[in-house]
Amino acid sequence: MSAQTEDQRREDRESVAVRLASLQRVDGNKHCADCGERAPKWASWNLGVFICLQCAGLHRNHLGTHISKIRSVHLDAWTEEQVANMEQMGNIKANAVYEANLPEDFERPQDNEALMKSFIKDKYELRKYMSTNVTDFSIGIPPKNGGESSSSEKACVVR
């Protein structure tokens, strides 16, 4: 492996870290997409949301990787594809899709793990609150059966 290749890899890792840090400073991403906790340090890169440690654990333990692919913003290595998906989605856009039909008086069950687990499963797996105006699932929204998106799907369109 040449020194130039190693230098390029280091630059790529640094670029990814800078982009992720920048995304975390976006208003909608300053709080967990699920419970609202401040300064989330985890993310579901395929869903395109920043989440807190507790919600990351619920995603990992109760949704599975076919629905939510969890990474630490600071501890894990990120690929260009993963960061690009975070840039395309973000918490505001993702919640506009996944929480479009959330009742106005809904209170997030922040201090109750069982209720939070149920909310997260309803939100991402059962899509109980999801917008019916989503016409494509390639950006952060895996197909309902958990399979891969087809190559013909190019964008998530919310009307």
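Since we're looking at a predicted model, the values are computed, not measured.

Explain the packing of aromatic side chains here, please?
Aromatic ring pairs are reported here in terms of the distance separating the ring centres and the angle at which the planes meet. Inspection of every chain in the model, using the stated rule, returns 4 aromatic pairs. Through successive ring pairs, a cluster of aromatic residues spans Phe-106, Phe-119 and Tyr-129.

Looking at this structure, I do not really get the pattern of salt bridges. What am I missing?
Close approach of charged atoms lets side chains of opposite charge pair. What the rule picks out here adds up to 9 salt bridges. Close ionic contact of Lys-123 with Asp-34 constitutes a salt bridge, the shortest N to O distance being 2.8 Å. You can see Lys-123 sitting in helix α5 (residues 113–125) and its partner Asp-34 sitting in the loop between α1 (3–24) and β1 (42–44), a full 89 residues away along the chain. Neither residue differs from the other here; Lys-123 and Asp-34 are each classed as buried. A salt bridge links Lys-128 to Asp-122; the nearest nitrogen and oxygen atoms lie 3.9 Å apart. Residue classification places Lys-128 among the exposed residues on the basis of a relative accessible area of 55%.

Teacher, can you tell me more about the side chain of Asn-46 here?
Summarising the element assignment, Asn-46 is placed in the loop between β1 and β2 (49–51). Judged by its relative accessible area of 10%, Asn-46 is buried.

Help me understand the confidence of the model for the chain, please; the structure alone is not making it clear to me.
Regions with low pLDDT carry predicted coordinates that are not meant to be interpreted in detail. Looking at the chain, pLDDT values average 86 and 81% of them are 70 or higher. A low-confidence stretch, residues 146–159 stays under pLDDT 50, and its non-local contacts, those more than four residues away or across chains, total 31 contacts.

When you look at the layout of surface pockets in this model, what are you seeing that I'm missing?
Taken as a whole, the second largest pocket spans an internal volume of roughly 240 Å³. Together, 13 residues line the second largest pocket, and Arg-13, Val-16, Ala-17, Asp-76 and Trp-78 are the ones closest to its centre. Here the lining of the second largest pocket is composed, by residue class, of 7 nonpolar, 2 polar and 4 charged.

Got a minute to help me understand the state of the cysteines in this structure?
In a disulfide, the sulfur atoms of two cysteines are covalently bonded to one another. Enumeration over the complete set of coordinates arrives at 0 disulfides. No disulfide involves Cys-52; its sulfur sits 3.6 Å from that of Cys-35, the nearest cysteine. Lacking any disulfide linkage, Cys-55 is separated from the closest cysteine sulfur, that of Cys-52, by 3.7 Å. With relative accessibility at 0%, the residue Cys-55 sits in the buried group.

Any chance you could explain the environment of Val-73 here in plain terms?
Inspection of the secondary structure puts Val-73 in the loop between β3 (70–72) and α3 (80–88). Note on Val-73: relative accessible area 8%, which makes it buried. Expressed as a C-alpha distance, the spacing of Val-73 and Ile-51, which sit 22 residues apart in the sequence, is 9.8 Å.

Conventions and cut-offs
- Within each chain, residue numbers correspond to sequence positions counted from 1 in written order.
- The model is predicted, so local features are restricted to residues of pLDDT at least 70 and side-chain atom pairs to those at 80 or more, both for listing and for counting; the totals for chains, interfaces and linings are taken over all residues.
- Each side-chain value is derived from all of the structure's non-hydrogen atoms; neither hydrogens nor water enter the calculation.
- The criterion for an aromatic pair is that two Phe, Tyr or Trp rings (for Trp, the six-membered ring) have centres within 6.5 Å, with stacked assigned to planes under 30 degrees apart, edge-to-face to planes over 60 apart and tilted to the rest.
- Whenever a carboxyl oxygen of Asp or Glu lies within 4 Å of a side-chain nitrogen of Lys or Arg, that contact is scored as a salt bridge.
- Helix and strand assignments come from DSSP, with helices taken as H or I runs of at least 4 residues and strands as E runs of at least 2, each series counted from the N terminus.
- Buried residues are those whose accessible area, probed at 1.4 Å on protein chains only, stays under 20% of the maximum for their type, while exposed residues exceed 50% and partly exposed ones sit between those limits.
- The quantity known as pLDDT measures the predictor's confidence residue by residue, on a range of 0 to 100.
- Any two residues whose heavy atoms approach within 4.5 Å are treated as being in contact.
- As defined here, a cavity is a set of points on a 1 Å grid over the protein atoms alone where a 1.4 Å probe fits but cannot get out. A pocket is an open set with protein on both sides within 12 Å along at least five of seven lines, and residues line them when an atom is within 4 Å of a point.
- Grid points are joined across faces, edges and corners, and a volume is the space filled by probe spheres set on the points.
- Gly is put with the polar residues, along with every residue not named as nonpolar or charged; the nonpolar set is Ala, Val, Leu, Ile, Met, Phe, Trp, Tyr, Cys and Pro, and the charged set is Asp, Glu, Lys and Arg.
- For this text, the term disulfide refers to a pair of cysteine sulfurs within 2.5 Å.

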